[in-house]
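Below are the chains, spelled out letter by letter.
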Amino acid sequence: MEKGNVEEALKEEETVKSGVNGLDDLFGGGFDPGSVILLSGPPGSGKSVMSAQFIYNGAVKYGEAGLYVNFSESRGDFMRNMARFRMDFNRLEEEGLFRFIDAYNVFNRRSLDLILSHVLDELASLRVRRMVLDSVNSVAAMMDKDELRGFIAATILGICKVNKVTCILISNQLKEVADVKLAELAFMCDTVINLEAKLIGDTVERFLIINKARGKNPIASRAEYIITDRGVEVFAPIVRLPAERGRLDGYVGIGHPEFDEKVLMGGVRRGTVTLISGPGGTGKRFLLVEFAASSVLRGEKTLYATFRDLRRVEESFINRGYDVKELEKRGMRFVEFSPFRVTPGIILLTLKETLDDFQPSMAAVEEVASLKWLPREDYYRLINKMAALFKDYGVTVMMSSESNVDVRETDEFRAADNVISVWSEREGNEAVRKVCVVKMEGRTHYEKVRKLTYEGGVRVAELYEY
Ligand SMILES: Nc1ncnc2c1ncn2[C@@H]1O[C@H](COP(=O)(O)OP(=O)(O)OP(=O)(O)O)[C@@H](O)[C@H]1O
Ligand SMILES: [Mg+2]
């Protein structure tokens, strides 16, 4: 083995992948082998699903055998429930990579002892690398405090740590259970993850909180997760990807020379986020359409994401004389996000999935203000995370947002690198559109107000001719 390979191998050995999308990113790669993770949360929060993913993906992706000790579900129920998340544990069992210990009917101390000796046998015989105990409350209910401490110390810490079996202990909401017997558990475990939920609008936002991560420096202590038919997925905050060299050099505009030169002073820097803010009817969509179409025609993969009705957007392209099918053929992708009944995490995960799959260099994001039904703090956090996500992928973004107040007072203002304000003023019998750059990343700019017209392309004119 070459030196590089040895280092690789050591590194590989140093982390145990959780098998849950996004979770490892929070822990800087994964768990330490032999660490004990306390996973707590209310009923239905996804503790079992997450733990099953840990075992299942451990076997399927990393070839590591796993053991699931279940006091809360019978074997049949477990197999059936997990099959709905596309996890076929029967097959793993046949392949010798999985053991299920059915402790569903264990209610007294005698049968508990039998089960526990069974667990020890399995740990000794199978090359078990991962274990789940679902739940530790069930065990605690049958033991007194000292016995429980002894069990945790001997079995979990003793055997698992020594043999480097990484272990998840599931606990049903530690917070509300004022169970002195379990209170100590958090101290004994290396990592403590709490699952929580809160209602925003009429949807539930699920998030996890890392309360403890021994020897790790988690990149965030709170992250949203969602449960879909693929199981639990965590939206990990941003880890900056190394930007492709050259990709972020240069400036881009919306493809109309007058606007690009006068208003954008030659264009916005690649990889930045530009906000177009103004009241309804000021042509924000028009600017996005031109930006997106000119990007595609220049040969760049361009995402057009809208929180509005996608058919209306396509009509705008057609009205501007663009052939939507042709644009799609040349590298445009349209995505419609419903702004309602979604949580920030769902939007961010969908967006991340799109970016991974499509890898655009340009993106138009239409009407983020549609998300303003979210509590202000959630909205603000979402806009910032969206901006950060695009930057991570080196995407140049033009984002519109409807607003009737001074743009400097909006939540979007701070999240954007460049800000263009558009509005309309009555002059005599005429409504005159006006445009002004309010912020331009890394450049001094002159806040000059100009007239904006959409006849014959995007045109700008000086307000006063001297
Ligand atoms: N396809 C799906 N899409 C979204 N959510 C789903 C889907 N299938 C199941 N769920 C949800 O996933 C959760 C399953 O959670 P799980 O059984 O892991 O909870 P738990 O934390 O172990 O709960 P308990 O403490 O009751 O054992 C449930 O809340 C269920 O509503
Ligand atoms: Mg469960």
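Bear in mind that the values here come from a model prediction, so they are computed numbers and not experimental data.

Cut-offs and rules
Residues numbered from 1 in each chain as written. Chains lettered and ligands numbered in written order. Predicted model: local features only at pLDDT ≥ 70, side-chain atom pairs only at ≥ 80, totals over all residues. Heavy atoms only, no water. Helix = DSSP H or I, 4+ residues; strand = E, 2+ residues; numbered from the N terminus. Buried < 20%, exposed > 50% of the residue type's maximum accessible area, 1.4 Å probe, protein only. Areas by Shrake-Rupley, 256 points an atom, 1.4 Å probe, with all protein chains shown as cover. Pairing = 2+ DSSP bridges. Near = heavy atom within 4 Å. Polar contact = N/O pair within 3.5 Å; in protein donor to acceptor, adjacent residues only side chain to side chain. Nonpolar A, V, L, I, M, F, W, Y, C, P; charged D, E, K, R; others polar. Domains from an automatic or database assignment. Contact = heavy atoms within 4.5 Å. Buried area = accessible area lost by both parts, 1.4 Å probe. Salt bridge = Lys/Arg side-chain N within 4 Å of Asp/Glu carboxyl O. Expected span 1.5 Å × (residues − 1). Axes fitted to C-alpha atoms, helices over the stretch in contact; angles between N-to-C directions.

> Just to check I follow, could you spell out the overall build of the protein chain for this structure?
Secondary structure summary: the protein chain contains 17 helices and 20 strands in total. C-alpha atoms of the protein chain, sized along the principal axes, occupy 95 × 55 × 40 Å. Relative to its full complement of 466 residues, the protein chain shows a buried share of 53%. Within the structure as shown, the protein chain displays about 21400 Å² of accessible surface, and the carbon and sulfur contribution to it stands at 50%.

> Teacher, can you tell me more about the pairing of strand β20 (residues 459-462) here?
Every other side chain in a regular strand lies on the same face of the sheet, so the side chains alternate between the two faces. Here strand β19 (residues 450-453) pairs with β20 via four bridges, running antiparallel. Pairing of T453 across the sheet is with R459, part of β20. Hairpin remark: β19 followed by β20, antiparallel, with five residues in the connecting loop; positive phi at G456, about 65 degrees.

> I keep staring at the site of ligand 1 and nothing clicks. Help me out?
Near ligand 1 lie 14 residues; those nearest to it are G44, K47, S48, V49 and I227. In the model, an oxygen atom of ligand 1 is placed 2.6 Å from a nitrogen or oxygen of the G44 main chain. Note that a nitrogen atom of ligand 1 is positioned 3.4 Å from one of the backbone N or O atoms of I227. Against a free-state accessible area of 650 Å², the protein chains account for coverage of 63% of ligand 1. When contributions to the shell around ligand 1 are tallied by element, the ones reaching two or more residues are α3 (47-62) and β8 (222-228). Examining the composition of the shell around ligand 1, we find that three residues originate from one element, α3, more than from any other. A breakdown of the residues in the shell around ligand 1 according to their chemical character gives five nonpolar, six polar and three charged.

> Where do I start with the domain arrangement of the protein chain in this structure?
Put simply, an interface is often sized by how much accessible area is lost when its parts join up. Parsing the protein chain into structural domains produces domain 1 (3-234) and domain 2 (251-462). Residue-level contacts link 13 residues of domain 1 with 13 residues of domain 2. Across the interface of domain 1 and domain 2, roughly 1000 Å² is buried in total on both sides, 54% from carbon and sulfur atoms. Of all residues in domain 1, I200, T203 and E224 give up the largest surface area on contact with domain 2, accounting jointly for 40% of the area buried on that side. Across the domain 1-domain 2 interface, the total number found is two salt bridges. With its nearest N and O atoms 2.9 Å apart, the salt bridge here joins R230 to E353. Across the contact surface, domain 1 and domain 2 share four residue pairs in polar contact (both at pLDDT 80 or more). When contributions to the side of domain 1 that touches domain 2 are tallied by element, the ones reaching two or more residues are β6 (191-200), β7 (203-213), β8 and β9 (231-234). Considered class by class, the residues forming the side of domain 1 that touches domain 2 number four nonpolar, two polar and seven charged.

> I keep staring at helix α8 (residues 145-163) and nothing clicks. Help me out?
Residues three or four positions apart in an α-helix share a direction because the helix packs 3.6 residues into each turn. Helix length check: α8 (19 residues) gives 25 Å between terminal C-alpha atoms against 27 Å at 1.5 Å per residue, within 8%. Taken together, the buried positions of α8 are L148, F151, I152, T155, I156 and C160. Structurally, the start of α8 carries an N-cap: the backbone nitrogen of D146 is 3.1 Å from a side-chain oxygen of D144. K164 sits one or two residues past α8 and shows a positive phi near 55 degrees.

> What am I meant to see in the pairing of β19 here?
Of the strand pairs in this sheet, strand β18 (residues 430-439) and β19 are connected by two bridges, and their pairing is antiparallel. Bridged to V435 within β19 is R450.

> Sorry, what's going on with the side chain of S421 here?
With respect to the helices, strands and loops of the structure, S421 is situated in strand β17 (residues 418-427). Relative accessible area serves as the criterion here: at 14%, S421 is assigned to the buried category. When residues no more than four places from it in sequence are discounted, the contact partners of S421 are S277, V407, K434, V435, C436 and V438.

> What am I meant to see in the sheet that holds β18 here?
Picture the strands of a sheet paired through backbone hydrogen bonds; they go either parallel or antiparallel. Read from one edge of the open sheet, nine strands run β14-β13-β15-β16-β12-β17-β18-β19-β20, paired in mixed fashion. Pairing within the sheet leaves two strands with one partner each, and these edge strands are β14 (332-336) and β20. Sheet twist, expressed as the average angle between the axes of neighbouring strands with direction ignored, equals 25 degrees. With five bridges connecting them, strand β13 (residues 302-306) and strand β15 (residues 362-366) associate as parallel partners. Paired with T306 across the bridge in β15 is E366.

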